[in-house]
Amino acid sequence: MIDIHSHILPGVDDGATTSEEALLIAKAAVEEGITSIIATPHHQNGKYINGKQSILENVEALNKLLRNENIPLTILPGQETRIHGDLMNEFETDVILPLNHTNYVFIELPSGHVPRYTEQMLFDLQLKGLTPIIVHPERNAELIDNPDLLYKLVSKGALTQITSSSITGHFGKNIKKFTMQLVEAQLTHFLASDVHSLKNRPFRLSEGYEVLVKEFGQEALYVFRENAELLVRNQTVYKTDPSKIKKKKFLGLF
Ligand SMILES: [Fe+2]
């Protein structure tokens, strides 16, 4: 199993604080059945700056440590980039790091709203050959109030990633409900842990997949897990043509 969103790199953001903690998280990943995990440190979220070069160095160092400790887990490089005005320039100057050097790039929106320039910027990224993946849309207050906005962004080529702790209900009932509606509406394409620490923000990835199977059947499990595999290989992922999404079906979402 592949986990495409994690804060396992030590000392770079609000995830793992030390190498020892990173190793404990790595061992927990193996217990979850994860074989590869993309390290996606926060970048430009107002608190942390993690550019491409330093992430690559940190990933290499952690992989070395894992080999020394005989922990069968591979760390792949990535970045959780907060949407910001200088993003395109940062892409041109090699500061942005797409997931595992593919054409897929994580885009984080602020938790309270969706900046007005979002649609244009997601379009600009696509003009550069990138596919933006909006991380945890289910936790964005404006999207919860106005899901039509997310429908619009997905219709225009963005993908989305939901978090396992949202689907398991650990972020509360409303977020769980909205997460389920996004799966039902086929407005989301990946499930990932967004692990920060074993204590406060653990994996819950297998648990998340169990909920998915219970609610939506084996096919949902297959699609989400396959999409993570396709992503790391830079292949085209499964996605429903938005024009085929029957709006009425989605519990009055639109
Ligand atoms: Fe994250």
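Structural notes, computed from the coordinates. Along each chain, residues carry numbers from 1 onward, in the same order as the chain's sequence is written. Per-residue local features are limited, in this predicted model, to residues with pLDDT of at least 70; the limit for side-chain atom pairs, both in listing and counting, is 80 or more; totals at the level of whole chains, interfaces and linings are taken over all residues. Calculated side-chain values reflect all of the structure's heavy atoms, with hydrogen atoms and water omitted.

Comments concerning the coordination of the iron ion
Reasoning step 1: The donor set comprises N, O and S atoms within 2.8 Å of the metal, extended to 3.2 Å for Na, K and Ca; water molecules are omitted, so apparent gaps in a site may simply reflect that omission. Here the iron ion is held by the protein donor atoms His-5 (NE2), His-7 (NE2), Glu-80 (OE) and Asp-194 (OD), which lie 2.1 to 2.2 Å from it.
Reasoning step 2: All geometry calls rest on donor angles, where a four-donor set with angles between 85 and 135 degrees is tetrahedral, four- and six-donor sets with opposite donors more than 155 degrees apart and all others between 65 and 115 are square planar and octahedral, and all else is irregular. One can describe the site at the iron ion as irregular: its four donor atoms subtend angles covering 81 to 169 degrees at the metal.

What to know about unusual backbone geometry
Most peptide bonds take the trans configuration, and most residues that are not glycine carry a negative phi.
Reasoning step 1: Its identity as a non-glycine residue notwithstanding, His-136 has a phi of 25 degrees, on the positive side.
Reasoning step 2: Locating His-136 in the fold gives a position in the loop between β7 (131-135) and α5 (141-145).
Reasoning step 3: Given the relative accessible area of 9%, His-136 is considered buried.
Reasoning step 4: A positive phi angle is found at Asn-234, which is not glycine, with a value near 60 degrees.
Reasoning step 5: Counting from the N terminus, the helices are DSSP H or I runs at least four residues long and the strands are E runs at least two residues long. With respect to the element layout, Asn-234 can be found in the segment after α10 (218-232).
Reasoning step 6: Only protein chains enter the accessibility calculation, which uses a 1.4 Å probe; a residue is then buried when its area is under 20% of its type maximum, exposed when over 50%, and partly exposed in between. With a relative accessible area of 35%, Asn-234 lands in the partly exposed category.

A look at the packing of aromatic side chains
Reasoning step 1: The criterion for an aromatic pair is that two Phe, Tyr or Trp rings (for Trp, the six-membered ring) have centres within 6.5 Å, with stacked assigned to planes under 30 degrees apart, edge-to-face to planes over 60 apart and tilted to the rest. Tallied over the entire structure, the rule returns one aromatic pair.
Reasoning step 2: Plain terms: the ring middles of Tyr-222 and Tyr-238 are 6.3 Å apart, the flat faces sit at 50 degrees to each other, and that makes the pair tilted. With Tyr-222 in helix α10 and Tyr-238 in the segment after α10, the pair connects residues that are 16 residues apart, well separated along the chain.
Reasoning step 3: Residue classification places Tyr-222 among the partly exposed residues on the basis of a relative accessible area of 46%.
Reasoning step 4: Charge over a ring is defined by NZ of Lys or CZ of Arg lying within 6 Å of the ring centre and within 35 degrees of the ring normal. The ring of Phe-171 has Arg-139 lying over it, and the distance from NZ or CZ to the ring centre is 4.2 Å.
Reasoning step 5: Taking NZ or CZ as reference, Arg-225 lies 5.7 Å from the ring centre of Tyr-209, over its face.

Focus: the environment of Asn-146
Reasoning step 1: Here Asn-146 is to be found in the loop between α5 and α6 (147-155).
Reasoning step 2: Separated by 67 residues in sequence, Asn-146 and Val-213 have C-alpha atoms that sit 27 Å apart.

Here we look at the packing of helix α8 (residues 173-184) against helix α9 (residues 205-216)
Reasoning step 1: As a rule, the C-alpha atoms of each element are fitted with a line to give its axis, helices using only the stretch in contact, and angles between N-to-C directions run from 0 to 180 degrees. Packing of α8 against α9 brings their axes to within 12 Å, and their N-to-C directions diverge by 60 degrees. Compared by their axis directions, α8 and α9 come out oblique. As for how α8 packs across α9, the hand of that crossing is right-handed. On α9, the residues that touch Lys-176, Met-180, Val-183 and Glu-184 of α8 are Val-211, Leu-212, Glu-215 and Phe-216.
Reasoning step 2: Looking at side-chain class alone, the contact of α8 with α9 contains five nonpolar, no polar and three charged residues. Orientation labels follow simple angle bins: below 35 degrees gives roughly parallel, above 145 gives roughly antiparallel, 65 to 115 gives roughly perpendicular, and whatever is left gives oblique. Should the near helix be turned anticlockwise from the far one by less than a right angle, the crossing is left-handed, and should it be turned clockwise, the crossing is right-handed. Contacts are residue-level and defined by heavy atoms, with any inter-residue pair within 4.5 Å sufficient. Charged means Asp, Glu, Lys or Arg here, nonpolar means Ala, Val, Leu, Ile, Met, Phe, Trp, Tyr, Cys or Pro, and polar covers whatever is left, Gly included.

So, the side chain of Asn-140
Reasoning step 1: Here Asn-140 is to be found in the loop between β7 and α5.
Reasoning step 2: Any N or O atom pair separated by 3.5 Å or less is treated as a polar contact, with the protein-specific requirement of one donor-capable and one acceptor-capable atom, and with residues adjacent in sequence counted only for side-chain atom pairs. A distance of 2.7 Å separates the side chain of Asn-140 from the backbone oxygen of Pro-110, its partner in a polar contact.
Reasoning step 3: At 2.9 Å, the side chain of Asn-140 and the backbone nitrogen of Leu-143 are in polar contact.
Reasoning step 4: Apart from the residues within four sequence positions on either side, Asn-140 is in contact with Leu-109, Pro-110, Ser-111, His-113 and Val-114.

With respect to the pattern of salt bridges
Reasoning step 1: For this document, the term salt bridge refers to a Lys or Arg side-chain nitrogen within 4 Å of an Asp or Glu carboxyl oxygen. Tallied over the full model, the rule gives nine salt bridges.
Reasoning step 2: For Asp-194, the salt bridge is made with Arg-201, and the minimal N-O distance between the two is 3.1 Å.
Reasoning step 3: Accessibility expressed as a relative area gives 22% for Arg-201, which makes it partly exposed.
Reasoning step 4: Each of Glu-119, Lys-152 and Lys-156 takes part in a single network of salt bridges with overlapping partners.

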